[in-house]
Amino acid sequence: MFKKASAKSGITGEILLQLCEQRLDNVVFRLGVSPSRRGARQLVSHRHITVNGKIVNIPSYTLKVGDVVGVREKSKSFKAIESSLIENSSEYDWIKFNRERLEGEFVAIPEREQIPENIKEQLIVELYSK
């Protein structure tokens, strides 16, 4: 992922964070479908998540702007998903979420200010650039 980020033009640390935010398991976590990234990864791996209506079981799948991420019809009644949605009410400018249909659209690649994690990406870039 660092190679991808460093190959693109722009600030490598920000691009790296944007690539991380574009991962399917991260977007499932951000939508509130899972209370943790590990749980989101498991939901994706166990084929509970769809992208543009097709089941995707690769957690590292990179989403593109306009992709629609949803919960599979058979999985919508999972207690874990229901309880996670009740507990989590976070909203992000770069994801639109429809709670009734359990679908979210990846609207835009987030800017650094829109990523709430307290990460010093410059330290990561320094480590991997050696």
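Whatever comes next refers back to the structure up there.
Reading guide: rules and limits
- Residues numbered from 1 in each chain as written.
- Predicted model: local features only at pLDDT ≥ 70, side-chain atom pairs only at ≥ 80, totals over all residues.
- Heavy atoms only, no water.
- Helix = DSSP H or I, 4+ residues; strand = E, 2+ residues; numbered from the N terminus.
- Rg over C-alpha atoms; globule rule 2.2 N^0.38 Å.
- Contact = heavy atoms within 4.5 Å.
- Areas by Shrake-Rupley, 256 points an atom, 1.4 Å probe, with all protein chains shown as cover.
- Lys, Arg positive; Asp, Glu negative; His and termini not counted.
- Charge placed at Lys NZ, Arg CZ, Asp CG, Glu CD.
- Axes fitted to C-alpha atoms, helices over the stretch in contact; angles between N-to-C directions.
- Parallel < 35°, antiparallel > 145°, perpendicular 65-115°, else oblique.
- Nonpolar A, V, L, I, M, F, W, Y, C, P; charged D, E, K, R; others polar.
- Pairing = 2+ DSSP bridges.
- 1 Å grid on protein atoms, 1.4 Å probe; cavity = no way out; pocket = protein on both sides within 12 Å on 5 of 7 lines; lining within 4 Å.
- Points joined across faces, edges and corners; volume = space filled by probe spheres on them.

Chemist: What is the right way to read the overall build of the protein chain from this model?
Modeler: For the protein chain, the count of helices and strands is six helices and five strands. When the elements of the protein chain are put in sequence order from the N terminus, they spell out α-α-α-α-β-β-β-α-β-β-α. Radius of gyration (C-alpha) of the protein chain: 15 Å, near the 14 Å computed for a compact globule of 130 residues. Residue pairs at least 24 apart in sequence account for 51% of intrachain contacts in the protein chain once pairs closer than 6 positions are excluded. When the accessible surface of the protein chain is summed, it comes to about 8100 Å², and 51% of that surface belongs to carbon and sulfur atoms. Averaging the positions of the 21 positive and the 17 negative side-chain charges in the protein chain gives two centres separated by 8 Å.

Chemist: Honestly, the packing of helix 2 (residues 12-21) against helix 6 (residues 121-128) in this entry has me stumped. Any pointers?
Modeler: Two measures define how a pair of helices packs: the angle their axes make with one another and the distance between the axes. Orientation of helix 2 relative to helix 6, taken along the N-to-C sense of each, is 100°, at an axis distance of 8 Å. Between helix 2 and helix 6, the angle falls in the class roughly perpendicular. Residues T12, G13, E14, L16 and L17 of helix 2 lie in contact with helix 6, whose contacting residues are E121, I124 and V125. Class assignment for the residues of the contact of helix 2 with helix 6 results in four nonpolar, two polar and two charged.

Chemist: I tried to follow the sheet that holds strand 4 (residues 95-98) on my own but got confused; where do I start?
Modeler: Pairing between sheet strands relies on hydrogen bonds along the backbone, with the strands arranged either parallel or antiparallel. Reading across from one edge, 2-1-3-5-4 is the order of the five strands in this open sheet, with antiparallel pairing throughout. Looking at the sheet topology across the chains shown, the edges are occupied by strand 2 (54-55) and strand 4. By the bridge criterion, four bridges tie strand 4 to strand 5 (residues 103-106) in an arrangement that is antiparallel. Residue pairing across strands places K96 opposite E105, the latter belonging to strand 5.

Chemist: What exactly am I supposed to notice about the layout of surface pockets here?
Modeler: Rolled over the atoms, a probe with the dimensions of a water molecule shows which regions are left empty. The computed volume of the largest pocket comes to approximately 230 Å³. If you go around the largest pocket, you meet 17 residues; those closest to its centre are C20, E21, R23, N26 and R37. Those elements that provide at least two residues to the lining of the largest pocket are helix 2, helix 3 (24-31), helix 4 (37-45) and helix 6. No other element matches the five residues that helix 2 contributes to the lining of the largest pocket. When the residues that make up the lining of the largest pocket are grouped by side-chain class, the tally is six nonpolar, two polar and nine charged. Put simply, the second largest pocket is a space of about 170 Å³. As for the second largest pocket, its lining consists of R30, L31, S89, S90, E91, Y92, I95, F97 and R99. Listing elements by their share of the lining of the second largest pocket, those giving two or more residues are helix 3 and strand 4. Along the lines of polarity and charge, the residues of the lining of the second largest pocket split into four nonpolar, two polar and three charged.

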